[in-house]
There are 2 protein chains.
Amino acid sequence: MDIKSKNLETKHNKNNAFDNFFKSAFTVDNIIFGFDEADLKVLLIKRGEVPYENQWALPGNFVYQDEDLNTAAKRVLAELTGVKNVHLEQVKTFGSVGRHPFGRVITVAYYSLIKISDYHLHVSSIAQEAAWHSISEVKGMPFDHDEIFVACFNRLKLNIKRQPIGFELLPPKFTLTQLQHLYEAILEEKLDKRNFRKKILSMDFLIDLDELQEGVAHRPAKLFKFDKERYRRLYEEEGFHFDVAPTKHKKK
Amino acid sequence: MDIKSKNLETKHNKNNAFDNFFKSAFTVDNIIFGFDEADLKVLLIKRGEVPYENQWALPGNFVYQDEDLNTAAKRVLAELTGVKNVHLEQVKTFGSVGRHPFGRVITVAYYSLIKISDYHLHVSSIAQEAAWHSISEVKGMPFDHDEIFVACFNRLKLNIKRQPIGFELLPPKFTLTQLQHLYEAILEEKLDKRNFRKKILSMDFLIDLDELQEGVAHRPAKLFKFDKERYRRLYEEEGFHFDVAPTKHKKK
DNA sequence: TTAACAAAGTGTAAGAAATACACTAATTAG
DNA sequence: CTAATTAGTGTATTTCTTACACTTTGTTAA
């Protein structure tokens, strides 16, 4: 079974591979997750360009020729949202031939997490508008953006169980209930309050600030913060496993 | 903090994004894992082209302009090794500006698993040679291939704990010891024999064939096969968790 | 001032899973 | 028939996960 692909030989039997330029648009798309007490949100822009002008889509942009992928993702994110220094993870590359109606576009999808309250949204010239959308409303985006979203959301669901990334979405001081709601929003499952608390506290990287929530019309909750240093010391080597079963209450 | 990036506007304020071609080479690289009773191996080719002519490197190749990424990865794999219909997973895209001395090359890394004994290696014109290398010997590859290898190997380590992919590396009939050695090779940890067997058998997707190993100079082991159907029925929804602690024997 | 409301906070028993650990059984080779 | 080699097996202990409901603390409004 010897290899005799003409294509292969045509493409490769040259000393300089750069005789063959791959002409296409190369982009990054970002899924930017935010959280606002109750709902997990995604930052979308209203496109100001064809194709799909006026539709809500993922904020993405071209990669420059002399720019690393991660740099491009960070730059695009910063340009479109003003957000810098965030956790940014490459998830998957989408390159189907037909994914863009104007030609071949290959895009590397990244996701990041930001505190909604830390940033004001700024609209760049390529977009008409930028806004947070509840994750339940993001179906029907142009291109294969729905698929990209699902891939990134699934990655987030995986990562939340091994890495302390949830705290990126909350204010520096937060209550355990806020944290639980965040986990529930990401995992799309209700969790048992006592089990959640037992587990998360047993990990020993939350610090009880001995402060109370203010301005709520009920018993105020204690505030906690995430101790990055302690996390590193305890889990840098091994990682952790956050596994709390979804509630199955009321099965009598 | 309004967005005023010149670059952004230059690149984007045109109705057709394809005024801007991204000129670069676009490739896929494959990490092909194999296993031969004792060692986990990776399939490398000896490059027949500059740069790095004569060095062992990952088998990779150009993506055609009208070809999906997955298709390209499968084609390249088939062309270079004759292997078809394998589990193929996209791992990560590498696109550092300086990763190829001749210019910008962006590569999507895939890994796959094959049974070494099922395939004979065939050398294509772009390579001088193709051969299996023990994973301990693959350091020092050209480009950023070491980094690509590590990324794929880590992904494999993750996946082996959630998916029944190990069986792709073994003959259809195998012994539990072979399977354990495979897990140990991938995880780079010794496992306790009894715990390993208890766990893997409790998953209930191995079928005892009531046959014995032949041609060994010791007590022959029973042969098992993997039951894909049963696996699907039991785990399709939820996935599984294979977690067997590494042996910590002799801590007296 | 007090009653109604809302969410915070808390403990335990039962079951499941993970771990540590060492000897006997079956076969071949010499 | 003995030595060598690997296969095969069970249990007690510990750790983790799960299920589950009432009391506490504060605010608001009558």
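Residues numbered from 1 in each chain as written. Chains lettered and ligands numbered in written order. Predicted model: local features only at pLDDT ≥ 70, side-chain atom pairs only at ≥ 80, totals over all residues. Heavy atoms only, no water.

Comments concerning the overall build of chain A
- Assigned secondary structure in chain A consists of six helices and nine strands.
- Burial status across chain A gives 52% buried among its 252 residues.
- Within chain A, counting contacts between residues at least 6 apart in sequence, those at least 24 apart form 67% of the total.
- Of the accessible surface of chain A, which amounts to about 12,600 Å², a share of 47% is contributed by carbon and sulfur atoms. (Helix = DSSP H or I, 4+ residues; strand = E, 2+ residues; numbered from the N terminus. Buried < 20%, exposed > 50% of the residue type's maximum accessible area, 1.4 Å probe, protein only. Contact = heavy atoms within 4.5 Å. Areas by Shrake-Rupley, 256 points an atom, 1.4 Å probe, with all protein chains shown as cover.)

A look at the environment of B:Lys84
Residue and element names in this part refer to chain B.
- Along the chain, the position of Lys84 falls in the loop between helix H2 (69–81) and strand E5 (88–94).
- For Lys84, a relative accessible area of 53% puts it in the exposed group.
- Here the alpha-carbon distance between Lys84 and Ile114, two residues 30 residues apart in the chain, equals 9.6 Å.

So, the protein's contact with DNA strand C
- Around DNA strand C, 27 residues are found, and the nearest of them are A:Thr177, A:Lys193, A:Lys222, B:Lys198 and B:Ala245.
- By atom count, sugar and phosphate contribute 45% of the portion of DNA strand C lying within 4 Å of the protein.
- Interatomic distance of 3.2 Å between a side-chain N/O atom of B:Lys199 and a phosphate oxygen of DNA strand C.
- Of all the secondary structure elements, the ones that give two or more residues to the surface near DNA strand C are helix H5 (193–202) of chain A together with helix H5 (193–202) of chain B. (Near = heavy atom within 4 Å. Polar contact = N/O pair within 3.5 Å; in protein donor to acceptor, adjacent residues only side chain to side chain.)

As for the pattern of salt bridges
Residue and element names in this part refer to chain A.
- Applying the stated rule across the entire model yields 24 salt bridges over all chains.
- As a salt-bridge pair, Asp208 and Lys222 come within 2.9 Å of each other at their nearest N and O atoms. Of the two residues, Asp208 is situated in strand E8 (residues 206–212) and Lys222 in strand E9 (residues 222–226); the sequence distance between them amounts to 14 residues.
- Relative accessible area serves as the criterion here: at 44%, Lys222 is assigned to the partly exposed category.
- When salt bridges with common partners are traced through the structure, they connect Asp29, Arg99 and Asp144 into a single cluster. (Salt bridge = Lys/Arg side-chain N within 4 Å of Asp/Glu carboxyl O.)

Re a positive patch on the surface
- Taken together, the side chains of B:Lys193, B:Arg194, B:Lys198 and B:Arg219 make up a positively charged region of the molecular surface.
- The residue B:Lys193 is located in helix H5 in this model. (Patch = residues over 30% accessible without salt bridge, like charges linked within 9 Å, V, L, I, M, F, W, Y side chains within 5 Å. Lys, Arg positive; Asp, Glu negative; His and termini not counted. Charge placed at Lys NZ, Arg CZ, Asp CG, Glu CD.)

A few points about the pairing of strand E7 (residues 127–134) of chain B
Residue and element names in this part refer to chain B.
- Most of E7 sits out of view: six of its eight residues are buried.
- Relative to E7, strand E2 (residues 40–47) is paired through seven bridges, and the arrangement is antiparallel. Paired with Val42 across the two strands is His133, which belongs to E7. (Pairing = 2+ DSSP bridges.)

Describing helix H3 (residues 145–160) of chain A
Residues and elements named next belong to chain A.
- Relative to the 22 Å expected for 16 residues at 1.5 Å per residue, H3 spans 22 Å between its end C-alpha atoms, a close match to the ideal helical length.
- Along H3, the residues that are buried comprise His145, Ile148, Phe149, Cys152, Phe153, Arg155, Leu156, Asn159 and Ile160. Looking down the long axis of H3, one finds its buried residues gathered within 160° of arc, a one-sided arrangement. (Expected span 1.5 Å × (residues − 1). Arc of directions from axis to C-beta.)

Topic: the protein's contact with DNA strand D
- Near DNA strand D lie 26 residues; those nearest to it are A:Lys198, A:Arg219, A:Ala245, B:Lys193 and B:Lys222.
- Counting only the atoms of DNA strand D within 4 Å of the protein, the fraction contributed by sugar and phosphate is 45%.
- In the model, a base nitrogen of DNA strand D is placed 3.3 Å from a nitrogen or oxygen of the A:Asp192 side chain.
- Residue B:Thr177 places a side-chain N or O atom 2.9 Å away from a phosphate oxygen belonging to DNA strand D.
- Tallied by class, residues from the surface near DNA strand D come to seven nonpolar, five polar and 14 charged. (Nonpolar A, V, L, I, M, F, W, Y, C, P; charged D, E, K, R; others polar.)

With respect to a negative patch on the surface
- Residues A:Glu236, A:Glu237, A:Glu238 and B:Glu189 make up a contiguous surface patch of negative charge.
- For A:Glu238, the position within the fold is in the segment after helix H6 (228–235).

Any functional reading would require information beyond the geometric quantities listed.
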